[in-house]
Amino acid sequence: MRLERVQINYSIYIAFIQVYFLLFIACSFRGVDFTSGIKQIGLAVTELVIDQLRRICGSASTLTSREDKICYSYDGTPLFYQEPEAILFPETVEQISEILKLANQEKFAVVPRGAGTGLSGGSVPLKDSVVLVMTKWNKIIELDEANLTVTVEPGVVTGDLQKTVEKSGLFYPPDPGSSNVCTIGGNVAENAGGLRGLKYGVTKNYLMGFEMVLPTGEILVSGGKNYKDVAGYNLRDLVVGSEGTLGIFTKILLKLIPVPQRSITITSSFGNLTDCGNSVANIISAHIVPSMIEFLDNTTINCVEDFTHIGLPRNAAAMLILEVDGRGDVVDYEANMIMEILKKNNAEGIRSTSDAEQANTLKTARRSAFSALARKRPTAILEDATVPRSELPVMIEKVRTAAAQNNVVIGNFGHAGDGNLHPTCLIDENDKAEVDSALRAFDFIFNEAIKLGGTITGEHGTGLAKKHFFEKSTPAPALNLMRKIKSAVDPNNILNPGKIFSNSPKCESLKLS
Amino acid sequence: MKNPELGIIRAALPDDEILTKCIHCGMCLATCPTYDLTKLERSSPRGRIQLIKAVADGRLEITPTFIEEMSFCLDCQACETACPAGVKYGRMVESSRVLIEDTKENYAIPDIVKKIGLNYILTNNLALRTVAFLMLLIQRSGLQFLMMKSGFLKIFNKNFNEYLKLLPKMKFKTTRGLLKGVSLKPERSRYKAAFLSGCIMDVAFSDVNLDTIQFLLKNDCEVFIPEKQVCCGSLHAHNGEMKTAFALMKKNLDAFLAEDYDYLVSNSAGCGAFMKEYGHLLSDDPVYSIAAGKFSEKVKDFSEFVHLTDFQTKLRPPDETVTYHDACHLVHSQKVSQEPRQMLAKIPGIMMENLNESTWCCGSAGIYNVTRYEDSMHFLDKKMQNLKNTKADVVLTANPGCMLQIEYGIKKYGLKMRIEHPATFLNRLIKE
Ligand SMILES: Cc1cc2nc3c(=O)[nH]c(=O)nc-3n(C[C@H](O)[C@H](O)[C@H](O)COP(=O)(O)OP(=O)(O)OC[C@H]3O[C@@H](n4cnc5c(N)ncnc54)[C@H](O)[C@@H]3O)c2cc1C
Ligand code: SF4
Ligand code: SF4
């Protein structure tokens, strides 16, 4: 063991105290109560508060048993666990409003939750918080076939919505890997992307209107069925991706499009990552817009094959799954162009199919990638770095470097057509050294992504998991504006506080930066 | 140590390798019938795994809610099929049940009945036959009818009449009574198939057993039925009675090892699934480990076997439309779902209807429909709606539990439909 490890370095603590002190002075000058961020979420969920919550929601919808607390102490994100003080299943907008008013009065935190598949800790409870679960709000309220819109409650499962509208020849394109489980509310709150982002965009491209309970308890309705609407600020773009920090969705109006007439799915494998990355870059620069370009590296291919047994190319360095869709001959034409480009880039085993069932098998396999990687090790920490598409080959290489330099296994896959990669560190969360290596690898990946003009998260959100990177990498004016918006909407900081960024520069963010 | 029972817990629960595999991604939630019903995380596979882990870590005692959730789970293993990470949920819930049994201090009357049934009746051929005979007497003499009509059974439990309807109708003949410890040889023989008559199958589904054997013989397979065989032990293992299960497993290994054979053909998905596990369960046994491994490798479900070896007889086209319900123990435990469909598709002129959500549990789940009658009816309800929509004449399924439950459902919902085992269906189509 090296000597530095044994010694305690007090200089960090001293520096810490100094920074704290300086901030304190700075804040006092500007008349900000610096301690508010810490004080306000005090030990506030007392028995009395729980009684009041029971009165609002009914006892059957207010869970406080130890077992339930354990079962709502996580979402899909590794490493983050915190038991809440209560779990609520409100049934009406008024109940939600009452809960939030009580939270302001008694100063406790409220954490909205959909299906809990989030990958950035968005619905992981905070200390002394109550979780507000929306999964029972699962009605499709109206399918308007004349205007091509659908109005839903936020707890509707994305896949269920897709199946329902497809029966009427309509199409809701956003297709996160978790679509069988995740909710529309969670999708809007995370601005979820998915497999079809390249051609069809992400959740925000389909949000037309919403009803939301604001943190103060007010009920806000915004947007509507108008295809164009420029009256006032665009609140839709403000709330989409707000990660449950600006309000609780209670109704969501979504745009639909007609189902594509036909599609062709293409698979191919590569002997090296460079050829694979170049193929993607070449397809994009040839002005073809496939509905999907999904990338899987060798580790991912093998884990997915272990789960699905569908004959994926186990020896390939990487593979691509692509899809083109549309009308008539155009589809064949584009498919052929893509296959030409793949060939030029030394792709092997190029196959194409227009059989829906086969295509579905491939997509289902791809959707399982993240969880399938966990076959290798107990913990899979996945990231979401995204770069301009032309930089994809470079970024794929950087991920390899990160793994080699930090001596961790990283499985890499993602929505290659969007420049959105999901490098996944495979470790054991109980092994502290491994966790540290993984965090160092991600640090490297994020820095490289930002150097390439990219972002730390393309679709999973910031939540708790990427908060410190976000605060570090966001220019002060943008961060300050976001903080101002948050405190204007949620003056007492009761709704999912401390997610995305800390609202007041608390020690939390200092410690990590 | 927060939990004084941690020693027992550690011994009963699977090792860390299995316990820490779940990454709580939630991908299994969509397939879990109990989560579908309650929308509560604690009745989801992900939630239950967290509870089991909490007990294993000593963060949670074995509380009534814990016990309730472990018993509410159907052990249908749909979550295992759905889990990309390969979490062995079945092993976790089953060992939690062992743990619950091991740490129980008092037994309620239903527990005692269950224990007697599992440990003394199913394990003993004579006792099983005696009980079957008594049941036959009650069922066929009109006594059951009187008991149900008089309503006096409701003193014990308001659902008692329903339990009686769910019980299998006893048959006058049983397989091993009929074909005692024999090898049956057809004229030409392609394969030698060993056959497990089973416990419930033997006394209550002897007709299915006979159909299976006849079909195998007609397909040029020699059939070997060891005399000393016993119940496979699956019901015991699923209900936390591991000691008895191990004793039964070893008896069966001795019985089947008496002769060499190509495959062991099972016509009960539950038994097949469990016999495929012998190898794993006995992998540490100094005496039986190798034999158990070999034994398990040879186990094949009836449909798997027939699909593999193909029909040798001419079949006439069926005049009824058919649909297929996946028994959990076949599709989820054994991962056999294509073979039965491919086998049926080979029947000339067959009319198959697709059953929506065919892989969802019907609520039979071993003895779940008796131990948790009301919950079980929710799951049956979903299944019957889907079956009704197929408008099929016959529903085929390869597990005795599912057959009883769906038969009960057909009567309850007044459907014009018949439940049948694939072996019976095939056997009826043989052209003489
Ligand atoms: C295997 C797997 C694959 C995935 N693939 C993708 C993918 O391809 N693309 C992608 O973008 N994401 C993906 N995800 C991430 C995740 O599924 C999405 O972020 C999804 O939108 C979360 O939805 P949820 O219902 O589970 O919400 P939760 O995880 O419960 O919550 C997510 C956030 O939304 C907030 N929230 C939930 N409901 C409401 C509401 N009614 N009002 C206000 N706020 C609310 C919560 O507070 C939280 O901040 C994947 C996850 C998994 C496990
Ligand atoms: S059991 Fe599997 S699918 Fe379910 S949460 Fe755990 S890892 Fe995910
Ligand atoms: S075994 Fe069935 S009921 Fe039990 S958790 Fe898994 S899916 Fe749910």
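In this text the structure is predicted, and so the values were computed from the model without any measurement.

Student: Help me understand the confidence of the model for chain B, please; the structure alone is not making it clear to me.
Tutor: Low pLDDT marks stretches whose predicted atomic positions should not be read closely. All names here are of chain B. Predicted confidence across chain B gives a mean pLDDT of 86, with 90% of residues reaching 70 or more. Here residues 1-5 is modelled with pLDDT under 50, and outside its nearest four sequence neighbours on either side it reaches ten contacts, counting other chains as well. Per the prediction output, this complex has pTM 0.88; the corresponding ipTM is 0.88.

Student: What's the story with the domain arrangement of chain A in this structure? I'm lost.
Tutor: One widely used convention gives an interface's size as the accessible area the parts lose upon coming together. Residues and elements named next belong to chain A. Here chain A is partitioned into domain 1 (2-133), domain 2 (140-258) and domain 3 (262-451). Tallying the contact residues gives five residues for domain 1 and seven residues for domain 3. Interface area for domain 1 against domain 3, summed over the two sides, is near 470 Å², with a carbon-plus-sulfur share of 77%. On the domain 1 side of the interface with domain 3, the three residues burying the most area are Pro-78, Leu-79 and Leu-119, jointly 85% of the side's total. Applying the counting criterion to the domain 1 and domain 3 interface returns zero salt bridges. On the surface where domain 1 and domain 3 come into contact, there are one residue pair in polar contact (both at pLDDT 80 or more).

Student: Any chance you could explain the interface of chain A and chain B here in plain terms?
Tutor: The partner chain B presents 31 residues to the 37 residues of chain A that form the contact. Taken together, the connections running from chain A to chain B amount to two salt bridges. For Glu-41 of chain B, the salt bridge identified is with Arg-113 of chain A, shortest N-O distance 3.5 Å. Inspection of the chain A/chain B interface yields eleven residue pairs in polar contact (both at pLDDT 80 or more). Looking at the side of chain A that touches chain B, the elements that each hand over two or more residues are helix H5 (66-71), helix H15 (369-373) and strand E16 (379-382) of chain A. Broken down by element, the side of chain A that touches chain B gets its largest block of residues, five residues, from H5 of chain A. Residues belonging to the side of chain A that touches chain B are distributed by class as follows: 16 nonpolar, 13 polar and eight charged.

Student: Teacher, can you tell me more about the packing of helix H4 (residues 47-57) of chain A against helix H6 (residues 93-106) of chain A here?
Tutor: Helix-helix packing: each pair is described by the crossing angle between the helix axes and the interaxial distance. Residue and element names in this part refer to chain A. Put simply, H4 and H6 touch, their axes get as near as 9 Å, and they point 165° apart. Between H4 and H6, the angle falls in the class roughly antiparallel. The two elements H4 and H6 meet at a crossing, and its hand is right-handed. Taking contact as the criterion, the partners of Val-49, Gln-52, Leu-53, Ile-56 and Cys-57 in H4 are, on H6, Gln-95, Glu-98, Ile-99, Leu-102 and Glu-106. The residue makeup of the contact of H4 with H6, split by class, is six nonpolar, two polar and two charged.

Student: Is there a simple way to think about unusual backbone geometry in this case?
Tutor: Note on backbone geometry: most residues besides glycine have negative phi, and most peptide bonds are trans. Residues and elements named next belong to chain A. Even without being a glycine, His-287 presents a positive backbone phi close to 65°. In this fold, His-287 is placed in the loop between helix H11 (273-285) and strand E13 (292-297). We classify His-287 as exposed; its relative accessible area is 72%. Even without being glycine, Asn-496 reaches a positive phi, approximately 45°. Mapped onto the fold, Asn-496 is located in the loop between helix H19 (476-489) and helix H20 (507-512). We classify Asn-496 as buried; its relative accessible area is 1%.

Student: For this particular structure, what's the right way to read the site of ligand 1?
Tutor: For ligand 1, the set of nearby residues contains 38 residues, the closest of which are Pro-112, Gly-114, Thr-117, Ser-178 and Thr-183 of chain A. Residue neighbours of ligand 1 fall on chains A and B, so the site bridges chains. Take Pro-112 of chain A: an N or O atom from its main chain is 2.6 Å from an oxygen atom of ligand 1. Taking Gly-116 of chain A, its main chain carries an N or O atom lying 2.8 Å from an oxygen atom of ligand 1. Notes on ligand 1: free accessible area 970 Å², of which the protein chains cover 98%. A molecule is said to occupy a pocket when more than half its atoms come within 2 Å of that pocket's grid points, and by this definition ligand 1 occupies the largest cavity. Top contributing element to the shell around ligand 1 by residue count: helix H8 (residues 184-190) of chain A, with five residues.

Student: Help me understand the site of ligand 3, please; the structure alone is not making it clear to me.
Tutor: Residues and elements named next belong to chain B. Taken together, the residues surrounding ligand 3 are Cys-32, Pro-33, Thr-34, Pro-45, Arg-48, Cys-73, Leu-74, Asp-75, Cys-76, Gln-77, Cys-79 and Tyr-89. At the level of elements, helix H3 (33-38) and helix H4 (45-56) are the ones that each hand at least two residues to the shell around ligand 3. Looking at side-chain class alone, the shell around ligand 3 contains eight nonpolar, two polar and two charged residues.

Student: Looking at this structure, how should I read the sheet that holds strand E2 (residues 86-88) of chain A?
Tutor: Pairing between sheet strands relies on hydrogen bonds along the backbone, with the strands arranged either parallel or antiparallel. Ordered by their spatial adjacency, four strands build an open sheet running E1-E2-E4-E3 (chain A), and the pairing between neighbours is mixed. The sheet is open, and its two borders are formed by strand E1 (62-63) and strand E3 (109-113) of chain A, each paired with just one other strand.

Thresholds, definitions, all that
Residues numbered from 1 in each chain as written. Chains lettered and ligands numbered in written order. Predicted model: local features only at pLDDT ≥ 70, side-chain atom pairs only at ≥ 80, totals over all residues. Heavy atoms only, no water. pLDDT = per-residue confidence, 0-100. Contact = heavy atoms within 4.5 Å. Domains from an automatic or database assignment. Buried area = accessible area lost by both parts, 1.4 Å probe. Salt bridge = Lys/Arg side-chain N within 4 Å of Asp/Glu carboxyl O. Polar contact = N/O pair within 3.5 Å; in protein donor to acceptor, adjacent residues only side chain to side chain. Helix = DSSP H or I, 4+ residues; strand = E, 2+ residues; numbered from the N terminus. Nonpolar A, V, L, I, M, F, W, Y, C, P; charged D, E, K, R; others polar. Axes fitted to C-alpha atoms, helices over the stretch in contact; angles between N-to-C directions. Parallel < 35°, antiparallel > 145°, perpendicular 65-115°, else oblique. Left-handed = near helix turned anticlockwise from the far one by under 90°. Buried < 20%, exposed > 50% of the residue type's maximum accessible area, 1.4 Å probe, protein only. Near = heavy atom within 4 Å. Areas by Shrake-Rupley, 256 points an atom, 1.4 Å probe, with all protein chains shown as cover. 1 Å grid on protein atoms, 1.4 Å probe; cavity = no way out; pocket = protein on both sides within 12 Å on 5 of 7 lines; lining within 4 Å. Sits in = over half its atoms within 2 Å of the grid points. Pairing = 2+ DSSP bridges.

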